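# Architecture at a glance
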Amino acid sequence: MARSILEITGPDKQDFLQGLITNDIRKLDQGMVYAAMLTPQGKYLADFFLVRAGDAVLLDVDNALAPSLMQRLNMYRLRADVAIREGDLYVHRGTGDVPADGFADPRHADMGWRAYRDIPQTDDTVDWTARRVQHVIPDTGQELGPDSFILEMGFERLNGVDFRKGCYVGQEVTARMKHKTELRKGLAQVHLEGVSGPGTQITRDGKAVGVLHSRSGDMAIAYLRFDRVGDGMMAGDAKVKSAT
């Protein structure tokens, strides 16, 4: 698990973040917040976790996205009195009781807790991919990519978007998808019979149905076009059956 922890400080940090992220920053008063930043066209840029740490807000993001996210945050900073720097903490994860310095993962109870400590974690033996597949939870660089719309990725179910908080970048497109359209594509759990891996196209009767993503055993997460789902789906040589 390669994660970067950004530290956001300054008197304007809350208002600054509130105008950029998909969730309500005021929920930090109750614990960890899961959110994303979007393009003005409503497409995914990054997803992350936010927690309070003294006078700072910590932002926990995938290493691969950290440089571009920091650049984007600084672009929007303008005259806001905030400072953004890469911190020196490490993410720890676990299941069971949440430790005193930990925060429950807001996406799903089975995703356990996260804590931020000054030494790397060496004892994480949990199969997090299996848990994600079981509950259809997307991951950075797997299901989540530059063409993703967060509602198709399940962010409402995962407590990653708030429709009452007011404006943020990409809010108009997201709200329109919520209130004026029915989602025709999205993530679903599928059952596989045979060998097939992430990135394999799923077809049915010669037509593209979707793409296979994270797999655990004979179950996987797939991005599907719902009106084409049915018997006879294949991902390479593997039979695919909708499980959700």
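Look up: the structure comes first, before these words.
Structure report, in brief. Throughout, residues of each chain are indexed from 1 in the direction in which the sequence is written. Note on the predicted model: pLDDT of at least 70 is required for a residue's local features to be given, and 80 or more for side-chain atom pairs to be given and counted; whole-chain, interface and lining totals, by contrast, use all residues. Side-chain numbers come from the whole structure's heavy atoms, not from hydrogens or water.

### A closer look at the overall build of the protein chain
- Looking only at helices and strands, one finds 4 helices and 14 strands in the protein chain.
- The globule rule used here is 2.2 Å times the number of residues to the 0.38 power, and the radius of gyration it is set against is calculated over C-alpha atoms. Whereas a compact globule of 244 residues would reach a radius of gyration of roughly 18 Å, the protein chain reaches 19 Å, a difference of no more than 12%.
- Here's how the labels work: a residue is buried when its accessible area is under 20% of the maximum for its type, exposed when over 50%, partly exposed in between, all with a 1.4 Å probe on protein chains only. A buried classification covers 46% of the 244 residues belonging to the protein chain.
- The long-range share in the protein chain, meaning contacts at least 24 apart out of those at least 6 apart in sequence, stands at 62%.
- For the accessible areas, the method is Shrake-Rupley and the probe is 1.4 Å, while residue cover comes only from the protein chains on display. Total accessible area on the protein chain stands at roughly 12,300 Å², and carbon and sulfur atoms take up 47% of it. Each helix corresponds to a stretch of at least 4 residues labelled H or I by DSSP, and each strand to a stretch of at least 2 residues labelled E; elements are numbered beginning at the N terminus. Residues are treated as being in contact if the distance between any of their heavy atoms lies within 4.5 Å.

### Some details on the sheet that holds strand β11 (residues 207-216)
- Within the closed barrel, the 6 strands sit side by side as β9-β12-β11-β10-β13-β14. Their pairing is antiparallel. Recorded for the sheet is a direction-independent mean angle of 40° between the axes of neighbouring strands.
- Pairing analysis gives 4 bridges linking strand β10 (residues 201-204) to β11, with the strands arranged antiparallel. By the bridge assignment, Gln201 is partnered in β11 with Val211.
- Sheet strands touched by helix α3 (residues 128-135): β9 (185-193), β11 and β12 (219-225). Its angle to β11, the strand with the most contacts, is close to 140°. A pair of strands counts as paired when DSSP detects no fewer than two bridges linking them. Axis geometry follows a simple rule: fit a line to the C-alpha atoms, using only the stretch in contact for helices, then measure angles between N-to-C directions, giving values from 0 to 180 degrees.

### Comments concerning the sheet that holds strand β2 (residues 33-38)
- Taking strand neighbours across the sheet as the criterion, the 5 strands line up as β2-β3-β4-β1-β5 in an open arrangement whose pairing is antiparallel. Looking along the sheet, the strands with just one partner apiece sit at the ends: β2 and β5 (83-86). Each adjacent strand pair in this sheet contributes to an overall mean axis angle of 30°, direction not counted.
- The strands touched by helix α2 (residues 66-77) are β1 (3-9), β2, β3 (44-53), β4 (56-62) and β5; relative to β5, the strand with the most contacts, the crossing angle is about 170°.

### Quick look at the nonpolar core
- To form a nonpolar core, buried Ala, Val, Leu, Ile, Met, Phe, Trp, Tyr and Cys residues must be joined to one another through side-chain atoms within 4.5 Å. By size, the foremost hydrophobic cluster in this structure holds 49 residues, and its most contacted members are Phe48, Leu50, Leu59, Leu69 and Leu73.
- Within the residue set of this core, elements represented by two or more residues are β1, α1 (13-18), β2, β3, β4, α2, α4 (171-179) and β12.
- Those residues in contact with Leu73, other than ones at most four positions away along the chain, are Leu6, Phe16, Leu20, Met37, Leu59 and Ile84.
- Listed in part, the 12 residues of the second largest apolar core include Ala188, Val209, Ala222 and Val240.

### Brief notes about unusual backbone geometry
- Unlike most non-glycine residues, Leu78 shows phi in positive territory, near 50°.
- With respect to the helices and strands, Leu78 occurs in the loop between α2 and β5.
- Judged by relative accessible area, which is 73%, Leu78 ranks as exposed.
- Even without glycine at this site, Asn159 takes up a positive phi of about 60°.
- Exposure remark for Asn159: the relative accessible area of 44% places this residue in the partly exposed category.

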